[in-house]
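Descriptive analysis of the structure
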Amino acid sequence: MSTDFLTDISKTLEEIKADGLYKRERMITSPQGGEIRVGDAAVINLCANNYLGLADHPDLIAAARGVMDDKGFGMASVRFICGTQDIHRELEQRLAKFLGKDDAILFAACFDANGGLFEPLLGPEDAIISDSLNHASIIDGIRLCKAKRYRYLNSDMNDLEAWLKQAREDGARHIMIATDGVFSMDGYLAKLPEIRALADKYDAIVMVDDCHATGFMGATGAGTPEHFGVDVDIVTGTLGKALGGAIGGYIAGPQPVIDLLRQRARPYLFSNSLPPSIVAAGLEAIRLVEEGNGLRAQLFENAKYWRAGLEKLGFDLLPGEHPIIPVMLGEAQLAQDMASRLFDEGVYVSGFFFPVVPRGQARIRTQMNAALTRDELDRALAAFGKVGKELVILS
């Protein structure tokens, strides 16, 4: 390989390190859970998307293990060749029913679902209006589409309406509004009632990525549309967060939309099917969610207790009702220093900083989970208080 090429790559890596933006991974030596082992250290985990604590649930493990005797280990093919089993369709239909949609289509991940959504449905004569804080997968999916692109300021309904007017003036045939249901860096919910009203006014389609809501937001856990009591047209989501924490994404929506995606969504057509073990565990996760009002109640009880504890200590928090509770620190180095010191105190968190969040808005993003005990939360609060004083964040 070219020496100059490798030199340039190495230079880029050194620049990332010098800017304090280099990401390092810690090796977990236990199952994912409320308390995990990293190397030889036992730490309380406050930075996983394991909202309902299902990632190490024995029923999911049993379902995944048990199905392999009947269905095998992997599909070794894409869906339309010889990669579809009855359980794949069962999971899609269960997801559709759970979300109140006609049908659903599975992908390897929600990144693939969002990457495959826009291009088959919209062409050069159409328009997409996307929230400025949407997930990278939505941004990349829109880039693959030939529709005209507009971007509105985060949750700014006046700006959204201005772009809807502009798209109509530009002669757009169809307009799709794309938004996260939950903006994961802040824990803020999209303003779905207002978005729905504007979509109806300008005859637009509403697409919601509900990865950080499916399974626990809403009366039955069906996500932000259920939470707000509004109907949206297309929902994308994941099995990799509240629904077991493994892999797998989906799109749910009207039957013609799902049928066309089966014909033309490239990540679906050219990626192997989900392994039977993941599908079986996904079915079990939905069952647990449908029967799991206690899990959702515990999650939000933990979130309320944790938020109140951090506020009492004097930390600067973003307001909200979601189990994502960011602790605002400002500077990237401070966020990294705090995450490192908290790990020394037995609490696993991650610092988030530019370019993941705007400059000057670095933070520790804490996330609640139904499996966390009150004792673990108290120990974590004590660690936050101790480190906060050491780093002169708290007086």
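Just above sits the structure.
An order of S1-S2-S13 is seen for the three strands of this open sheet, with the pairing classed as mixed. This sheet does not close on itself; its edge strands, each paired only once, are strand S1 (35-38) and strand S13 (347-348). Where S1 lies against strand S2 (residues 41-45), four bridges are found, and the strand directions are antiparallel. Within S2, the residue paired with Glu35 across the bridge is Ile44.

The next thing to look at is empty space enclosed by the protein. All chains considered together, the criterion is met by one cavity of 30 Å³ or more. Reported here for the largest cavity is a volume of approximately 80 Å³. Taken together, Arg79, His88, Leu106, Phe107, Ala108, Pro267, Tyr268, Ser271, Asn272, Ser273 and Leu274 make up the full set of residues lining the largest cavity. Of all the secondary structure elements, the ones that give two or more residues to the lining of the largest cavity are strand S3 (103-107) and helix H11 (266-269).

Once that is clear, we can look at the nonpolar core. Ranked by size, the top nonpolar core spans 66 residues in total, and within it Leu46, Trp306, Leu310, Met368 and Phe384 carry the most contacts. For this core, the leading source of residues is helix H12 (residues 276-290), giving nine residues. Here Leu46 is in contact with Trp306, Val347, Tyr348, Val349, Arg365, Thr366, Gln367, Met368, Leu372, Ala380 and Phe384, once residues within four sequence places are set aside.

Two elements in contact, helix H14 (residues 332-344) and helix H15 (residues 374-390), have axes whose closest approach is 10 Å; the angle formed by their N-to-C orientations is 135 degrees. Our classification of the angle between H14 and H15 gives oblique. Regarding H14 and H15, the two cross each other, and that crossing is right-handed. Facing Met338, Arg341 and Leu342 of H14, the residues of H15 in contact are Ala383, Phe384, Lys386, Val387 and Glu390.

This next bit is on the layout of surface pockets. What the second largest pocket holds in volume is close to 190 Å³. If you go around the second largest pocket, the residues you meet are Ile128, Ser130, Asp131, Ser132, Asn134, Ile139, Ile142, Arg143, Arg149, Tyr150 and Arg151. Counting only elements with at least two residues in the lining of the second largest pocket, the list comes to strand S4 (127-131), helix H6 (136-143) and strand S5 (148-152). When grouped by side-chain class, the residues that make up the lining of the second largest pocket number four nonpolar, three polar and four charged.

Right, let's talk about the sheet that holds strand S14 (residues 351-352) for a bit. Pairing between the strands of a sheet comes from backbone hydrogen bonds, and it takes one of two forms, parallel or antiparallel. The strand order across the open sheet built from three strands is S12-S15-S14, with neighbouring strands paired in antiparallel fashion. The open sheet has two edge strands, strand S12 (324-330) and S14, and neither has a second partner. The strands that helix H13 (residues 293-313) touches are S12 and strand S15 (362-367); relative to S12, the one it contacts most, it runs at about 20 degrees.

Another aspect to go through is helix H10 (residues 255-264). Among all positions of H10, only Val257, Ile258, Leu261 and Arg262 are buried. The arc that holds every buried residue of H10, seen down its axis, measures 140 degrees, which confines them to one face. Facing away from the buried side of H10 by more than 90 degrees, the exposed set consists of Pro256, Gln263 and Arg264.

Oppositely charged side chains can form a pair if their charged atoms are brought close together. Tallied over the entire structure, the rule returns 27 salt bridges. A salt bridge links Arg173 to Asp126, with the shortest nitrogen-to-oxygen separation between them at 2.8 Å. Remark: Asp126 occurs in the loop between helix H5 (110-121) and S4 and Arg173 occurs in the loop between helix H7 (157-169) and strand S6 (175-180); sequence separation between them is 47 residues. Given the relative accessible area of 43%, Arg173 is considered partly exposed.

What follows deals with the pairing of S15. When you tally the buried positions in S15, you get six out of six residues, the bulk of the element. On S15, burial covers both faces: Ala362, Ile364 and Thr366 on one face and Arg363, Arg365 and Gln367 on the other are all buried. Sheet analysis places S14 next to S15, joined by two bridges and oriented antiparallel. When the bridges of S15 are listed, Phe352 appears paired with Arg363.

On to the packing of aromatic side chains. One pass over the full model with this rule turns up seven aromatic pairs. Where Trp306 meets Phe384, the ring centres are 5.3 Å apart and the plane angle is 85 degrees; that geometry is what we call edge-to-face. You can see Trp306 sitting in helix H13 and its partner Phe384 sitting in helix H15, a full 78 residues away along the chain. The pair Trp306 / Phe384 is uniform in exposure class, with both members buried. Between the aromatic rings of Phe343 and Tyr348, the centroid separation amounts to 6.0 Å while the plane-to-plane angle is 85 degrees, which identifies the pairing as edge-to-face.

Definitions and limits used
- Residues numbered from 1 in each chain as written.
- Predicted model: local features only at pLDDT ≥ 70, side-chain atom pairs only at ≥ 80, totals over all residues.
- Heavy atoms only, no water.
- Pairing = 2+ DSSP bridges.
- Helix = DSSP H or I, 4+ residues; strand = E, 2+ residues; numbered from the N terminus.
- 1 Å grid on protein atoms, 1.4 Å probe; cavity = no way out; pocket = protein on both sides within 12 Å on 5 of 7 lines; lining within 4 Å.
- Points joined across faces, edges and corners; volume = space filled by probe spheres on them.
- Core = buried A, V, L, I, M, F, W, Y, C linked by side-chain atoms within 4.5 Å.
- Buried < 20%, exposed > 50% of the residue type's maximum accessible area, 1.4 Å probe, protein only.
- Contact = heavy atoms within 4.5 Å.
- Axes fitted to C-alpha atoms, helices over the stretch in contact; angles between N-to-C directions.
- Parallel < 35°, antiparallel > 145°, perpendicular 65-115°, else oblique.
- Left-handed = near helix turned anticlockwise from the far one by under 90°.
- Nonpolar A, V, L, I, M, F, W, Y, C, P; charged D, E, K, R; others polar.
- Arc of directions from axis to C-beta.
- Salt bridge = Lys/Arg side-chain N within 4 Å of Asp/Glu carboxyl O.
- Phe/Tyr/Trp six-rings, centres within 6.5 Å; stacked < 30°, edge-to-face > 60°.

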